[in-house]
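Descriptive analysis of the structure
Residues per chain are reported as follows:
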Amino acid sequence: MLRYWTAGESHGPALVALVDGFPAGLTVDAALIDAELRRRQGGYGRGGRQRIETDTVTFLSGLWKGVTLGSPLAVEVINKDAKLERLEEVERPRPGHVDLAGAVKHLGGVRAVLERASARETAARVAAGGLARQLLGVFGIEVAGWVTELGGVVLGGRAGTLPELRALRDTSAIYSLHPDKDPEVTALIDRVGKEGDTLGGIVEVRVEGLPIGLGTHAQWDRKLDGRLAQAVMAVQAIKGVEIGMGFEAARRRGSEVHDPIHYDPAARGGPQLGFTRPTNNAGGLEAGTTNGQPLVVRAAMKPIATLRKPLASVNLASKQPEEAAYERSDVCAVSACSVIVENVVAFEVAAALVDKFGGDSIAEMKARWDLYHEMARGC
Ligand code: EPS
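Structural notes, computed from the coordinates. (Residues numbered from 1 in each chain as written. Predicted model: local features only at pLDDT ≥ 70, side-chain atom pairs only at ≥ 80, totals over all residues. Heavy atoms only, no water.)

1. Points about unusual backbone geometry
Look at Tyr175: it is not a glycine, yet its phi comes out positive at around 65°. Examined against the element boundaries, Tyr175 turns out to sit in the loop between helix 6 (162–169) and helix 7 (182–194). Its relative accessible area of 10% is what places Tyr175 among the buried residues. In this structure, Leu273 takes a positive phi of about 60° despite not being glycine. Within the secondary structure, Leu273 sits in the loop between strand 12 (262–263) and strand 13 (275–276). (Helix = DSSP H or I, 4+ residues; strand = E, 2+ residues; numbered from the N terminus. Buried < 20%, exposed > 50% of the residue type's maximum accessible area, 1.4 Å probe, protein only.)

This is the structure we're talking about:
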């Protein structure tokens, strides 16, 4: 079972991801994880914190000479802005954050919950996902994500191979597949930022090269659609998750939604075993099981809840009406969100891969991958 937890406060000494159940024998390229962390720090509309931090990973355990041991990996990302001991209590909870509910729940103050709830924690999730995508890479499984909507401006997807789409996205200041729309969107972010407000958006992640048969239909908590929904919904500020056609499928007839099945003997040798689909409205998952088509996951991010022009709140000490607290924040972090969702999706897919092909060593996983595909071609 491949799983991870994170620890760390936004302004504590460091964030840590503890990755358990990772197979032995993978040569880890830390630079690839650092590249994901760098992308997470970027995107137009980020705040002052990103000018302070240069996120990189240090492995505290689980590696020997750069190769995974099969033991737990503790991965650390240092906080340069480690000032928690000097920070004051926050008296005026910010609407949209956990400030009020968390302070009440823990019978304590706002600072204690906001430090952990901060989206800074996603650096640790990206570190775990950056590791997982290297495991996927061994099996030719590729993951990429981008922004499809920002502040109400619909950017959409685009046809192309993953390397083409990734290259295009990397030319966009907001990580979209339509860089020609960047000026319109960055001007919007500037305008809204000047007004003391914030913006949300929609991100999309695509996974290609998947075999048929990851996940299961047989038990609710092992269904891959359910596991993906939990992992993505649990990213800070996410309010909705869609797979494939998603909510739109509810408005159409069955004949317009479900993907017909064809067979092409020439494609029998590939991971899809010769089964082809003219459409992919299911987004690569049927009943919680991968069907060999690309996995497509979308997530809706609400606007950042810390507003420079704050909403109404109440002073928790005096119970008098006051404006919510303002702490340095981002105007828009939808681009960063695309990187985070990309990496949490990568982790869940890697976990499903380990469930199917065994988690002790890469060598055994490869042998079982080959054997499964050989047997499945007989289906
Ligand atoms: C973030 C770091 C945080 C915030 C932001 C994301 O740093 P600080 O609080 O020191 O400015 O900029 O956090 C939030 C959006 C949030 O809601 O808490 C980061 O590294 O992503």
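Back to the write-up after that little detour.
2. What to know about the environment of Glu208
Along the chain, Glu208 turns up in strand 9 (residues 201–208). For Glu208, a relative accessible area of 23% puts it in the partly exposed group. Sequence separation of Glu208 and Leu295 is 87 residues, and the distance between their C-alpha atoms is 6.7 Å. Discounting residues that sit within four places of it in the chain, Glu208 has contacts with Gly140, Ile141, Glu142, Leu162 and Pro294. Of note is the side chain of Glu208, whose polar atom sits 2.8 Å from the side chain of Arg206. (Contact = heavy atoms within 4.5 Å. Polar contact = N/O pair within 3.5 Å; in protein donor to acceptor, adjacent residues only side chain to side chain.)

3. So, helix 4 (residues 110–117)
The complete set of buried residues in helix 4 reads Val110, Arg111, Val113, Leu114 and Glu115. At its buried positions, helix 4 is contacted by helix 3 (99–105).

4. Digging into the sheet that holds strand 10 (residues 212–215)
Taken in spatial order, the three strands of this open sheet run 10-15-14, and their pairing is antiparallel. Every interior strand has two partners, whereas the edge strands, strand 10 and strand 14 (285–286), have only one. Bridge count for strand 10 against strand 15 (residues 289–291) is two bridges, and the pairing is antiparallel. If you follow Gly215 over to strand 15, its bridge partner there is Thr289. (Pairing = 2+ DSSP bridges.)

5. Overview of the sheet that holds strand 3 (residues 57–59)
Working definition: the strands of a sheet are paired by backbone hydrogen bonds and lie parallel or antiparallel to each other. Ordered in space as 1-2-6-3, the four strands form an open sheet in which the pairing is antiparallel. Edge strands, defined here as strands with exactly one partner in the open sheet, are strand 1 (3–7) and strand 3. The sheet shows a mean angle of 25° between the axes of neighbouring strands, direction not considered. Relative to strand 6 (residues 73–78), strand 3 runs antiparallel, the two sharing three bridges. Paired with Phe59 across the two strands is Val75, which belongs to strand 6. (Axes fitted to C-alpha atoms, helices over the stretch in contact; angles between N-to-C directions.)

6. As for the site of the ligand
Near the ligand, the surroundings consist of His11, Arg40, Arg46, Arg49, Gln50, His97, Ser118, Ala119, Arg120, Ile304, Arg328 and Asp330. The side chain of Arg49 places a nitrogen or oxygen atom 2.9 Å from an oxygen atom of the ligand. Ser118 places a polar side-chain atom, nitrogen or oxygen, 3.4 Å from an oxygen atom of the ligand. Using a 2 Å cut-off from the grid points, one finds that the ligand occupies the largest pocket. In terms of residue class, the shell around the ligand is built from two nonpolar, four polar and six charged. (Near = heavy atom within 4 Å. 1 Å grid on protein atoms, 1.4 Å probe; cavity = no way out; pocket = protein on both sides within 12 Å on 5 of 7 lines; lining within 4 Å. Sits in = over half its atoms within 2 Å of the grid points. Nonpolar A, V, L, I, M, F, W, Y, C, P; charged D, E, K, R; others polar.)

7. Describing the state of the cysteines
This model, assessed by the stated rule, comprises zero disulfides. In this structure Cys332 is a free cysteine whose sulfur lies 9.5 Å from that of Cys337, the closest cysteine sulfur available. Judged by relative accessible area, which is 1%, Cys332 ranks as buried. Owing to a relative accessible area of 2%, Cys337 belongs among the buried residues under this scheme. (Disulfide = S-S within 2.5 Å.)

8. As for the nonpolar core
The biggest cluster of nonpolar side chains holds 78 residues, and the ones touching the most others in it are Leu2, Val19, Leu135, Leu150, Leu295, Val345 and Leu353. In terms of residues, this core owes the most to one element, helix 10 (residues 334–357), which gives 16 residues. Look past the residues within four positions of Leu295 in its chain and what remains in contact with it is Val205, Arg206, Val207, Leu210, Leu228, Gly283, Gly284, Leu285, Val345 and Val349. (Core = buried A, V, L, I, M, F, W, Y, C linked by side-chain atoms within 4.5 Å.)

9. Things to note about the packing of aromatic side chains
For the coordinates displayed, the defined rule picks out five aromatic pairs. Look at Tyr4 and Phe347: their rings are 4.5 Å apart centre to centre, the planes differ by 55°, and that puts the pair in the tilted class. Of the two residues, Tyr4 is situated in strand 1 and Phe347 in helix 10; the sequence distance between them amounts to 343 residues. Comparing Tyr4 with Phe347 shows no difference in burial state: the two are buried. An aromatic cluster is present here, built from Phe139, Phe357, Trp369 and Tyr372 joined pairwise through their rings. Between the NZ or CZ atom of Arg39 and the centre of the ring of Tyr175, over which it lies, the distance is 5.7 Å. (Phe/Tyr/Trp six-rings, centres within 6.5 Å; stacked < 30°, edge-to-face > 60°. Lys NZ or Arg CZ within 6 Å of the ring centre and 35° of its normal.)

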